[in-house]
Each structure stands twice: as C-alpha cells, then as structure tokens.
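Residues per chain, in single letters:
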Amino acid sequence: MVNSERRAFVKQCVASIAFLAFPFKNITFTKGRISPEFKFRLPALPYAFNALEPYIDSATMQIHHSKHHQAYVDKLNTASWSGFEFSEHLSALCKQINETSPAIIRNNLGGHYNHSLFWNLLSAQPDVLPAEFSRRLNAEFGSFEAFKTQFSEAALKHFGSGWCWLILTENGRFKICTTPNQDNPLMGIAQVKGKPLLALDLWEHAYYLKYQNRRAEYIQNWFSIVKWSTCEALLNGMEV
Ligand SMILES: [Fe+2]
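Residues numbered from 1 in each chain as written. Predicted model: local features only at pLDDT ≥ 70, side-chain atom pairs only at ≥ 80, totals over all residues.

1. Observations concerning helix H4 (residues 103-120)
And then number 1: Counted at 1.5 Å a residue, the expected span for H4 with its 18 residues is 26 Å, and the 26 Å between its end C-alpha atoms agrees.
And then number 2: Across the 18 residues that make up H4, a large majority, 15, are buried. (Helix = DSSP H or I, 4+ residues; strand = E, 2+ residues; numbered from the N terminus. Expected span 1.5 Å × (residues − 1). Buried ≥ 20, exposed ≤ 12 C-beta atoms within 10 Å, placed from the backbone.)

So, in structure tokens, the structure goes:
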C-alpha cells in the first residue's frame, strides 16, 4: 500500500470508528463539560451476528452486543459526570478515570470503550498482518508465533473476568498486559498503561455458550478472526 493509500485508509478507519462510538449529531454540550443532553449510543456492529461463525457463535454475539454492551451504555447515561472534561473520544474519557472516580463511570465507561474497540478488532474475512505492525511485533517479541504464545498465556492465566491487551507504551514499546473487570490500560488506575492496539474480552459472556470452560480454545480460535488492519490503524493514530 503506498503512503497516500495508507493515509486514506487510516482516515477512513478514524471516521468509521469515531462514528460508531459517537453517533451524536444534533447533541449539544457545554464547553468542557458533559451536558445533561449528551447521550452515549450503542454502536452498530460492522457485520452480522452470525458473521464470525464458527469461531464465535451468533447467539453469543447477539447477547454480547445487544444486551451486555447496551447495558454499559444505558448505565453510563444515568451517571453524573461532575468533574469530567468532555471529549468526543471514549479513550480521552477513560484517561480521566482515577481512584476516586465513581464506580458506575469506571465500570461502564470501560465497558463501552472496551467493547466499541473489540467489535472493530474482529473480521468476518481473514485479515493479513500489515507490514509495519508485523515488523513491530517481530522486533518486540521475536516472531508472530512468539507474540501469539505470550498473549495466549497471559489471557489464559488471567483470573476471572477482564481483558487481555497488546498496548503501545508511552516510550513506544509493544507490551502485553491484562486488566480486571472493565478496566483498561488507558485509565489512571491501570497498573500498566498504554494505548490499546489489540483487545481480547475474557469475560465468560464472550464465549461461554460455545466454549463453556474451554478458554484456551476460545483464545486459539479468536486469533483466526482478528482484524489486524485495525491494530495498525490504532498504531497510526486512530482513536475510539
Ligand atoms: Fe464483553
């Protein structure tokens, strides 16, 4: 892909994911503050519920998106946002989460950001590793297979509900980490901080209908439907 094509592609991805997370046209807000009129919206899935079969089943996708993600959005809209500065990016709101943030915002903002990202990191068609992202993986982990092994081990070892991440750290390194519940590495309370480039939902609601207790099989199959082009777009500046 030549540079002009790559820029156009990234621009398209940015517009697409920004719209998915924030389709709030005609909503007004007070400068610097989230106003009472502001409403978070559930983004539409970029594919059909059954598009990820046989790796993720249709019933799981339907419940996960229209029940679980919808619930995070609904609860977020009941929260009091006193003290938060408005941003049109969920990522910028996540960065404002600290030890004193209300649990309703920490949990449901995390749930909204994490899932908005997760849907866009899944592809109904096989996706190839973009060259630059592949080069960075190889530089950090030695090979794609070594990265996959380390990521899978971290995801498997994580106790209970949470997320496994590949992040870009402040000093520009790739790093694998996990977070509990709906926390993410953007939050001020995260033990390991950075920009998410890849996210795997480890909550049982993401896989239990099909895989029951077989988290390792879910992780292995999930690698077959990762949309690597979104990882590179995130690396190149895309925000959710
Ligand atoms: Fe989930």
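There's plenty left to go through after this.
2. A short note on the pairing of strand S2 (residues 174-180)
And then number 1: One ladder, built from 7 bridges, connects strand S1 (residues 162-168) with S2; its direction is antiparallel. From the neighbouring strand, Trp165 faces S2, where its bridge partner is Cys177.
And then number 2: Turn length for the S1-S2 hairpin, with the two strands adjacent in sequence and antiparallel, is 5 residues, and the turn residue Gly172 shows positive phi of about 85°. (Pairing = 2+ DSSP bridges.)

3. As for the environment of Val192
And then number 1: Mapped onto the elements of the fold, Val192 is located in the loop between S2 and strand S3 (195-201).
And then number 2: Once the C-alpha coordinates of Val192 and Ile176 are considered, the two residues, 16 residues apart in sequence, prove to be 9.2 Å apart.
And then number 3: Apart from the residues lying within four places of it in its own chain, the contact partners of Val192 are Lys175, Cys177 and Pro185. (Contact = placed C-beta atoms within 7 Å.)

4. Brief notes about the environment of Trp81
And then number 1: With respect to the element layout, Trp81 can be found in the loop between helix H2 (58-76) and helix H3 (90-94).
And then number 2: Residues Trp81 and Ile105, 24 residues apart in the sequence, show an inter-C-alpha distance of 8.0 Å.

5. Things to note about unusual backbone geometry
And then number 1: Along the chain, Glu53 connects to Pro54 via a cis peptide bond; the corresponding omega equals 0°.
And then number 2: Residue Asn181 is not a glycine yet carries a positive backbone phi of 50°.
And then number 3: With respect to the element layout, Asn181 can be found in the loop between S2 and S3.
And then number 4: Here the phi dihedral of Gln212 falls at roughly 50°; this positive angle occurs in a residue that is not glycine.

6. Examining the sheet that holds S1
And then number 1: Taken together, the 3 strands give an open sheet; going across it, the order is S2-S1-S3, and neighbouring strands pair in antiparallel fashion. Of all the strands in the sheet, the pair left with one neighbour each is S2 and S3. On average, adjacent strands in this sheet sit at an angle of 25° to one another, irrespective of strand direction.
And then number 2: Bridge count for S1 against S3 is 6 bridges, and the pairing is antiparallel. (Axes fitted to C-alpha atoms, helices over the stretch in contact; angles between N-to-C directions.)

7. Side note on the confidence of the model for the protein
And then number 1: The pLDDT averaged across the protein works out to 88; a share of 85% of its residues lies at or above 70.
And then number 2: Note that pLDDT drops below 50 for residues 11-16; the model gives that stretch 4 contacts with residues more than four away or on any other chain.
And then number 3: A low-confidence stretch, residues 18-32 stays under pLDDT 50, and its non-local contacts, those more than four residues away or across chains, total 26 contacts. (pLDDT = per-residue confidence, 0-100.)

8. Some details on the nonpolar core
And then number 1: Formed by 47 residues in total, the largest nonpolar core has its most connected members in Cys94, Leu109, Cys164, Trp165, Leu198, Ala199 and Leu200.
And then number 2: For this core, the leading source of residues is H4, giving 6 residues.
And then number 3: What Trp165 contacts, discounting residues up to four positions off in sequence, is Ile176, Cys177, Thr178, Thr179, Pro185, Pro196, Leu198 and Ala199. (Core = buried A, V, L, I, M, F, W, Y, C linked by C-beta atoms within 7 Å.)

9. Things to note about H2
And then number 1: Here H2 contains 19 residues, and its C-alpha end-to-end distance of 26 Å stays within 8% of the 27 Å for a straight helix at 1.5 Å per residue.
And then number 2: At His64, H2 is bent by approximately 30°, the largest bend along its length.
And then number 3: Those residues of H2 that sit buried are Met61, His64, His69, Tyr72 and Leu76.
And then number 4: Along its buried surface, H2 packs onto H4. (Bend = angle between axes of the 7 residues up to and from the residue.)

10. Considerations on the environment of Leu156
And then number 1: Its place among the elements puts Leu156 in helix H6 (residues 144-157).
And then number 2: Along the backbone, Leu156 and Tyr218 are 62 residues apart, and their C-alpha atoms lie at a distance of 9.9 Å.
And then number 3: Beyond its immediate stretch of four places on either side in the chain, Leu156 contacts Arg215, Ala216 and Ile219.

11. Structural notes on the packing of H2 against H4
Angle between the axes and distance between the axes: these two values describe a pair of packed helices.
And then number 1: One way to put it is that H2 packs onto H4 with a least axis distance of 8 Å and a crossing angle of 135°. Classified by the angle between their axes, H2 and H4 sit oblique to one another. Relative to H4, the crossing made by H2 is left-handed. Within the contact between the two elements, H2 uses His69, Tyr72, Val73, Lys75 and Leu76 and H4 uses Ile104, Asn108, Leu109, Gly111, His112 and His115.
And then number 2: Here the contact of H2 with H4 is built from residues that sort into 5 nonpolar, 5 polar and 1 charged. (Parallel < 35°, antiparallel > 145°, perpendicular 65-115°, else oblique. Left-handed = near helix turned anticlockwise from the far one by under 90°. Nonpolar A, V, L, I, M, F, W, Y, C, P; charged D, E, K, R; others polar.)

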